[in-house]
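Residue-level structure breakdown
The chain contents come next:
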Amino acid sequence: MSFLTTARCRICQGFYRLGSRLRPPKKQEAEIGENAVYQAGRLLCDRRLKKPMVILGPHLGPGAERLLQSLAESDIVFTQWEALSDPPTADDGENIRLSWLGEGCDSFLVMGDGPVIDIAKLAAARCVRRGRTIMGMVGRNKIGSRRVPPVIAVPTTAGSGAESLSSAMVGDGRGNRFLIQDASLVPAIAVLDPALMEDVHREVIASRGMNGLCLAVEAFLSPAGDEKTKREAAQAAGLFFQSLEPYWNSGGTVQDRENLLRASRLAGQAASHASFGYGRAISRAVQVVTGLDMGLASGLVLPAVLEKYGASAQEGLARLAEQSGLNTEGTQGDRAAAVLDRLWGMAFRMDLPDGLENLSGVMAEEIGDLAAAEANPAYACPAVWTAKDCMDVIFSLQ
């Protein structure tokens, strides 16, 4: 990476950091604990919200019944959106917004995984950004209003961070997914109920968990993060290290599931205040080019990215090992290596892919180009990479 390119990226990242400090993500209220979903009606009443648009993701089972029961017990009148695509698209968000306006709703109550929560966040933003479509908001800071209707997010998986991120991913219905970032996208309330995570498929557990770990680790290493952000990121990583494998192995305990919900929310908060990194950018590019789930790709890509960072990330990884409770002994190199060993080990034990096979040179080049275009200059990372650097990570995994 040339000096001028590095300087350009760092200058842009400095302006982004200044902007985020002048307009930080919204503060969020959280309701946490077993059967927290039964508090949804009360939370709406406390905020004098009388008519939410309820959006339910697929395959929810008893969780949806519990949510609707809470609304009935609080005499909440609601409109339910029942035509959601799987996965949701920008068109879904546009249609939800039209229904919200037509029904005279005042808030959104969404239960589901990350993509479902994201489309509710974007529909809410679209309600105040009437001159620009959802696809027209792709990029940074294009919503331009803090008067977004309140969103109450009830996640049913742990790791996407959608319930606390100041960003959202959206699909165009043709297989392409785009990132929208704005401080106003943070949901007003997160309802974290471990009872909703009892029957999640093991591959989803691994995918979402490794995605959350990627968020936490890269937020901790980001030069844009302050000490508070680093504490949140380290706490999130520690909770993932502690509870993800027990949950994957046997469903874990109620405490394990609550730990992971807390970790997901903390990781989202930390990433909103700091930055994503090349681990996320390359994983998303792998998803686009190969179709491999982004979370599963993260389990493979993140440790490879950290290894390529080398000395530029060693001190940060050593601090992360200490603050997450992973390792406080040995040299700085030993502590940094403990993080990498744990990440590789978790990926192996949870049966994640152990490499990227059958990738042509053209596909690797496309992944490198996509990752560099997403990350530069916006993502503040320990080092600034070119598309070739991103390709080198892919080649190391073949």
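Look above for the structure.
Here goes a summary of the coordinates provided. (Residues numbered from 1 in each chain as written. Predicted model: local features only at pLDDT ≥ 70, side-chain atom pairs only at ≥ 80, totals over all residues. Heavy atoms only, no water.)

**Quick look at the overall build of the protein**
Under the convention used in this document: Segments assigned H or I by DSSP are reported as helices when at least four residues long, segments assigned E as strands when at least two residues long, and all are numbered from the N terminus. Exposed residues in this analysis have more than 50% of their type's maximum accessible area, buried residues have under 20%, and partly exposed residues fall in between, with area computed by a 1.4 Å probe over protein chains only. Any pair of residues with heavy atoms lying within 4.5 Å of one another is described as a contacting pair. Computed by Shrake-Rupley with a 1.4 Å probe, the accessible areas treat only the displayed protein chains as cover when residues are assessed. In this tally, Lys and Arg are treated as positive and Asp and Glu as negative; His is ignored, and so are the chain termini. A charge is said to be at NZ when it belongs to Lys, at CZ for Arg, at CG for Asp and at CD for Glu.
Each helix and strand counted, the protein has 14 helices and nine strands in total. For the protein, with 398 residues in total, the buried portion stands at 59%. Long-range pairs, those at least 24 residues apart, make up 79% of the contacts in the protein with a sequence separation of at least 6. Surface accessibility of the protein: about 16,000 Å² in total, with carbon and sulfur atoms responsible for 49%. Each charge sign in the protein was given a centre, from 41 positive and 46 negative side chains, and these centres are 10 Å apart.

**Points about the sheet that holds strand β4 (residues 107-112)**
What counts, and what does not: If DSSP finds at least two bridges between two strands, the strands pair. Helix axes are fitted only over the stretch in contact, all axes being lines through C-alpha atoms; the angle between N-to-C directions runs from 0 to 180 degrees.
Spatial ordering of the open sheet is given by β1-β9-β6-β4-β2-β3, a layout of six strands whose pairing is parallel. Of all the strands in the sheet, just β1 (29-32) and β3 (79-81) have a single pairing partner and so form its edges. Within the sheet, the average angular offset between the axes of one strand and its neighbour, ignoring direction, is 15 degrees. Sheet topology note: the β4/strand β6 (residues 151-155) ladder contains five bridges and is parallel. Bridge assignment links Met-111 to a residue of β6, and that residue is Val-154. Across the sheet, helix α5 (residues 114-128) touches β2 (52-56), β4 and β6, and the angle it forms with β4 is around 165 degrees.

**Comments concerning the nonpolar core**
One broad trend across soluble globular proteins is that nonpolar side chains are buried collectively. What counts here: Joining through side-chain atoms within 4.5 Å is the link that ties buried Ala, Val, Leu, Ile, Met, Phe, Trp, Tyr and Cys residues into a set, and such a set is a nonpolar core.
Core analysis: the largest hydrophobic core is formed by 82 residues, its most contacted members being Leu-213, Tyr-278, Ile-282, Leu-306, Tyr-309 and Trp-385. For this core, the element with the highest residue contribution is helix α6 (residues 202-221), accounting for eleven residues. Other than its neighbours up to four places away in sequence, Leu-306 contacts Val-217, Leu-221, Leu-317, Leu-340 and Leu-343. Grouped together as the second largest cluster of nonpolar side chains are 29 residues, Ile-55, Phe-108, Ile-117 and Met-137 included.

**Notes on helix α13 (residues 361-375)**
Filter applied, for reference: Multiplying 1.5 Å by the helix residue count minus one yields the expected span of that helix. Arc, as used here, means the arc of the directions from the helix axis to the C-beta atoms.
Look at α13: 21 Å from first C-alpha to last across 15 residues, which is about the 21 Å you get at 1.5 Å a residue. Listing the buried residues of α13 in full gives Ala-364, Ile-367, Gly-368, Ala-371, Ala-372, Glu-374 and Ala-375. What you see down the axis of α13 is that its buried residues fit within an arc of 165 degrees, all on one side. Residues of α13 that are exposed and angled more than 90 degrees away from the buried face: Val-362 and Ala-373. Tucked into the core, α13 has its buried residues touching α9 (278-290) and α14 (387-396).

**A closer look at the pattern of salt bridges**
In plain terms, the rule: For salt bridges, the criterion is a side-chain nitrogen of Lys or Arg within 4 Å of an Asp or Glu carboxyl oxygen.
Enumeration over the complete set of coordinates arrives at 19 salt bridges. Residues Glu-94 and Arg-126 are paired through a salt bridge, measuring 2.8 Å at the closest nitrogen-oxygen approach. One end of the pair, Glu-94, is in helix α4 (residues 90-103); the other, Arg-126, is in helix α5, with 32 residues separating them in the sequence. Between Glu-374 and Arg-284 there is a salt bridge, and its shortest N-O distance comes to 2.7 Å. Taken together, the residues Glu-374 in helix α13 and Arg-284 in helix α9 connect sequence positions 90 residues apart. For the pair Glu-374 and Arg-284, a shared accessibility class is recorded, and that class is buried. Here the salt bridges share partners, and the residues they tie into one network are Lys-308, Lys-388, Asp-389 and Asp-392.

**Details of the environment of Gly-295**
Turning to its location among the elements, Gly-295 is positioned in helix α10 (residues 294-309). Separated by 82 residues in the primary sequence, Gly-295 and Leu-213 place their C-alpha atoms 9.5 Å from one another. The residues touching Gly-295, leaving out its near neighbours within four places in the chain, are Ser-207, Met-210 and Asn-211.

**Some details on the packing of aromatic side chains**
Put simply, the test is: Under the pairing criterion, centres of Phe, Tyr and Trp rings, with the six-membered ring standing for Trp, must be within 6.5 Å; the plane angle then separates stacked pairs below 30 degrees from edge-to-face pairs above 60, leaving the rest tilted.
Throughout the structure, instances matching the rule amount to four aromatic pairs. Between Trp-100 and Phe-108 the ring centres are 5.5 Å apart and the planes differ by 5 degrees, which places this aromatic pair in the stacked class. Judged on exposure class, the residue Trp-100 and its partner Phe-108 are both buried. Aromatic pair Tyr-278 and Trp-385: ring centres 4.8 Å apart, planes at 20 degrees, arrangement stacked. One end of the pair, Tyr-278, is in helix α9; the other, Trp-385, is in the loop between α13 and α14, with 107 residues separating them in the sequence. Here the two residues Tyr-278 and Trp-385 agree in accessibility, since each one is buried.

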